[in-house]
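Here are the chains, one letter per residue:
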Number of protein chains: 2
Amino acid sequence: MDKVERFLVQRVTEEGRRETEELVTRELPLTIIINEHELTTLLCSPDKLDYLAIGFLFSEGLISHKDEIKKVLVDDRRGVVRVETTEKRDFKDETPFKRLITSGCGAGSFYRAADMQNMTEVTSQIQISPVEVFARVREFQHHSETFKATGGVHSAALCDNENILLFADDIGRHNAIDKIFGECILKDIPTDDRIIITSGRIPSEILLKVAKRRIPIIISVSAPTDLGVKLAANSGITLIGFVRGKRMNVYTNAWRVKTS
Amino acid sequence: MDKVERFLVQRVTEEGRRETEELVTRELPLTIIINEHELTTLLCSPDKLDYLAIGFLFSEGLISHKDEIKKVLVDDRRGVVRVETTEKRDFKDETPFKRLITSGCGAGSFYRAADMQNMTEVTSQIQISPVEVFARVREFQHHSETFKATGGVHSAALCDNENILLFADDIGRHNAIDKIFGECILKDIPTDDRIIITSGRIPSEILLKVAKRRIPIIISVSAPTDLGVKLAANSGITLIGFVRGKRMNVYTNAWRVKTS
């Protein structure tokens, strides 16, 4: 399914107007059904729907390992992903988001005070140099063709010090990260000593998502919130924000940023 | 409650690093309780919490008029707004967001296929000139001090052709719009022939929110999604996007944009 659609728009300036074709990013309502139980509907960009569904279920704590997944069926025309688990668990009482509606673009995360208290510290000893941060962010920013065409999506990437390993984009920044995590789960790609880059801001719920996968470094070209910073500090995660050209802010656990 | 907090961060360049103070935007988990029923918790910026709660309840279709509100009690330290309605209605079965998790920053909207089908057409005959659009957007962009300080919030404004009437910002673009609508409801400010400006993208759920208040023109400095454009077309709303300097795209109902 195409991620963009052409629309006829009027391009207006003070001098006049003319009709022109514009690419507009597509938005798909995607319903996730788990063991015959309709769990939720996300608004998302129409690709990597299997990764998105699995990443979302992981972020919500409804599955924790690939072995629990028996089948993933994607119907992208109807906007449905059906997930069957190996164990015949009943998800009827699961209502993600009933309690908390997130500030973030995209799926958001089912967020409880308990989430913050039960976080185990991320202890990975990896480090990254400023030169590596600037280089990975530059690659990241060149990566998103959809964004360049339509200005309408957020991107996320999983990297190590030398390379971008996985890339995803979505109208929701949460979805972009869940697509990355879903792909990691389905393809057994480890995340322990890796780095997440996001085009979006870092509020608490993005931080919780990344902490759940025990990722030691999160990098954003944008700003964190105070709760994002506090959660990163408490969970041992290095939060790097406002990466602009060859400048950045390290908000927490700066020991992972090597001195040049 | 302050909307920003100071953090000590490391400013890192290729040449070296130094400690510096940075302003970081604050994020408050706000629980909305209606008639003793805990409805939901939003992540938001900590101001105009009464407006946010009332705007949210309106957008969710749980209240439709100021007369239905008996009392609004804000406890900004604990992050709670208690709303009491005049009629002793029980909201126990209301679970906003159970079905659909939105792509947007902020509160999002409880979104159903029915929402789209039941939309009545916005018939306001107001028009706006390109010069007025460019001037209002310029004022709008100068308005948000928080954004300039921290890069962490979205803004929304209600205007007429000549002036910005109301302004709000929030870490969630939905919240910013709900703060505007809540203020309109509590202060009896009409919205029928008015204009909404948003700093964020325009996906379907933002469009539904604006349609619910029968606002004829929505302007964004950013991009819409295809569903946003289709809903605007079907509901008689003029959608203007990508306003950059003295250029803009009119996606739908371009007759409301006057020829210069």
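Structure shown above.
Now for a look at the structure at hand. (Residues numbered from 1 in each chain as written. Chains lettered and ligands numbered in written order. Predicted model: local features only at pLDDT ≥ 70, side-chain atom pairs only at ≥ 80, totals over all residues. Heavy atoms only, no water.)

1. Here's the deal with the side chain of N249 of chain A
Argument step 1. Structurally, N249 of chain A can be placed in strand β13 (residues 247-250).
Argument step 2. Among the polar contacts listed, one links the side chain of N249 of chain A to the side chain of R11 of chain B, at a separation of 2.7 Å.
Argument step 3. Leaving out residues up to four positions away in the same chain, N249 of chain A has contacts with L239, I240, G241 and F242 of chain A together with V9, Q10, R11 and E22 of chain B. (Helix = DSSP H or I, 4+ residues; strand = E, 2+ residues; numbered from the N terminus. Polar contact = N/O pair within 3.5 Å; in protein donor to acceptor, adjacent residues only side chain to side chain. Contact = heavy atoms within 4.5 Å.)

2. Observations regarding the pairing of strand β3 (residues 28-34) of chain A
Residues and elements named next belong to chain A.
Argument step 1. By the criterion of burial, β3 is predominantly enclosed, with 6 of the 7 residues buried.
Argument step 2. Where β3 lies against strand β4 (residues 37-44), 7 bridges are found, and the strand directions are antiparallel. Bridge pairing in β4 links I34 to H37.
Argument step 3. Examined bridge by bridge, β3 and strand β6 (residues 80-85) share 4 bridges and lie parallel to one another. Across the sheet, I32 pairs through a bridge with V81, a residue of β6. (Buried < 20%, exposed > 50% of the residue type's maximum accessible area, 1.4 Å probe, protein only. Pairing = 2+ DSSP bridges.)

3. Details of the sheet that holds strand β11 (residues 217-220) of chain A
Argument step 1. One open sheet holds the 8 strands; their spatial order is β9(A)-β8(A)-β10(A)-β11(A)-β12(A)-β13(A)-β1(B)-β2(B), and the pairing between them is mixed. In this open sheet, the two edge strands, each paired with only one partner strand, are β9 (164-170) of chain A together with β2 (17-25) of chain B. Strand-to-strand twist in this sheet, taken as the mean axis angle between neighbours without regard to direction, amounts to 25°.
Argument step 2. The pairing of strand β10 (residues 195-198) of chain A with β11 of chain A spans 4 bridges and is parallel. Note on β11 of chain A: the bridge partner recorded for T198 of chain A is S220 of chain A.
Argument step 3. Running over the sheet, helix α3 (residues 130-143) of chain A touches β8 (154-159), β9, β10, β11, β12 (238-244) and β13 of chain A together with β1 (4-13) of chain B and is turned about 45° from β9 of chain A.
Argument step 4. Running over the sheet, helix α7 (residues 226-235) of chain A touches β12 of chain A together with β1 and β2 of chain B and is turned about 60° from β1 of chain B. (Axes fitted to C-alpha atoms, helices over the stretch in contact; angles between N-to-C directions.)

4. Describing the sheet that holds strand β13 (residues 247-250) of chain B
Argument step 1. Within the open sheet, the 8 strands sit side by side as β2(A)-β1(A)-β13(B)-β12(B)-β11(B)-β10(B)-β8(B)-β9(B). Their pairing is mixed. With one partner strand each, in any of the chains shown, β2 (17-25) of chain A together with β9 (164-170) of chain B form the two edges of the open sheet. The sheet shows a mean angle of 25° between the axes of neighbouring strands, taken without regard to direction.
Argument step 2. Those strands touched by helix α3 (residues 130-143) of chain B are β1 (4-13) of chain A together with β8 (154-159), β9, β10 (195-198), β11 (217-220), β12 (238-244) and β13 of chain B, and its axis lies near 45° from that of β9 of chain B.

5. A short note on the packing of helix α5 (residues 173-186) of chain B against helix α6 (residues 204-212) of chain B
Residues and elements named next belong to chain B.
Argument step 1. It is the contact of α5 with α6, at a shortest axis distance of 11 Å, that shows an interaxial angle of 5°. Judged on the interaxial angle alone, α6 and α5 are roughly parallel. Contacts from R173, H174, I177, D178 and F181 in α5 reach E205, I206, K209 and V210 in α6.
Argument step 2. Among the residues making up the contact of α5 with α6, the classes are represented as 4 nonpolar, 1 polar and 4 charged. (Parallel < 35°, antiparallel > 145°, perpendicular 65-115°, else oblique. Nonpolar A, V, L, I, M, F, W, Y, C, P; charged D, E, K, R; others polar.)

6. A word on the pairing of β13 of chain A
Argument step 1. Of the strand pairs in this sheet, β12 of chain A and β13 of chain A are connected by 3 bridges, and their pairing is antiparallel. When the sheet's bridge partners are listed, G241 of chain A is paired in β13 of chain A with N249 of chain A.
Argument step 2. Here β12 of chain A folds back onto β13 of chain A, and the loop between the two strands holds 2 residues, one of which, G245 of chain A, carries a positive phi near 60°.
Argument step 3. When β13 of chain A meets β1 of chain B, the two strands line up antiparallel, connected through 4 bridges. Among the inter-strand pairings, N249 of chain A is bridged to a residue of β1 of chain B, identified as R11 of chain B.

7. Side note on the nonpolar core
Argument step 1. In terms of nonpolar packing, the biggest core is built from 31 residues, with L158, I180, I196, L207, I218, I237 and L239 of chain B touching the most fellow members.
Argument step 2. Put simply, the parts of the chain that give this core at least two residues each are β1 of chain A together with β8, β9, α5, α6, α7 (226-235) and β12 of chain B.
Argument step 3. With near-sequence residues (within four places) excluded, I218 of chain B lies in contact with I196, T198, I202, I206, L207, V210, I237, T238, L239 and I240 of chain B. (Core = buried A, V, L, I, M, F, W, Y, C linked by side-chain atoms within 4.5 Å.)

8. A look at the packing of aromatic side chains
Argument step 1. Summed over all chains, the structure comprises 2 aromatic pairs over all chains.
Argument step 2. Seen from the ring of F181 of chain A, R213 of chain A lies directly overhead, with NZ or CZ sitting 5.9 Å from the centre.
Argument step 3. Across from the ring centre of F58 of chain B, 4.8 Å away, lies the NZ or CZ of R213 of chain B, which sits over that ring. (Phe/Tyr/Trp six-rings, centres within 6.5 Å; stacked < 30°, edge-to-face > 60°. Lys NZ or Arg CZ within 6 Å of the ring centre and 35° of its normal.)

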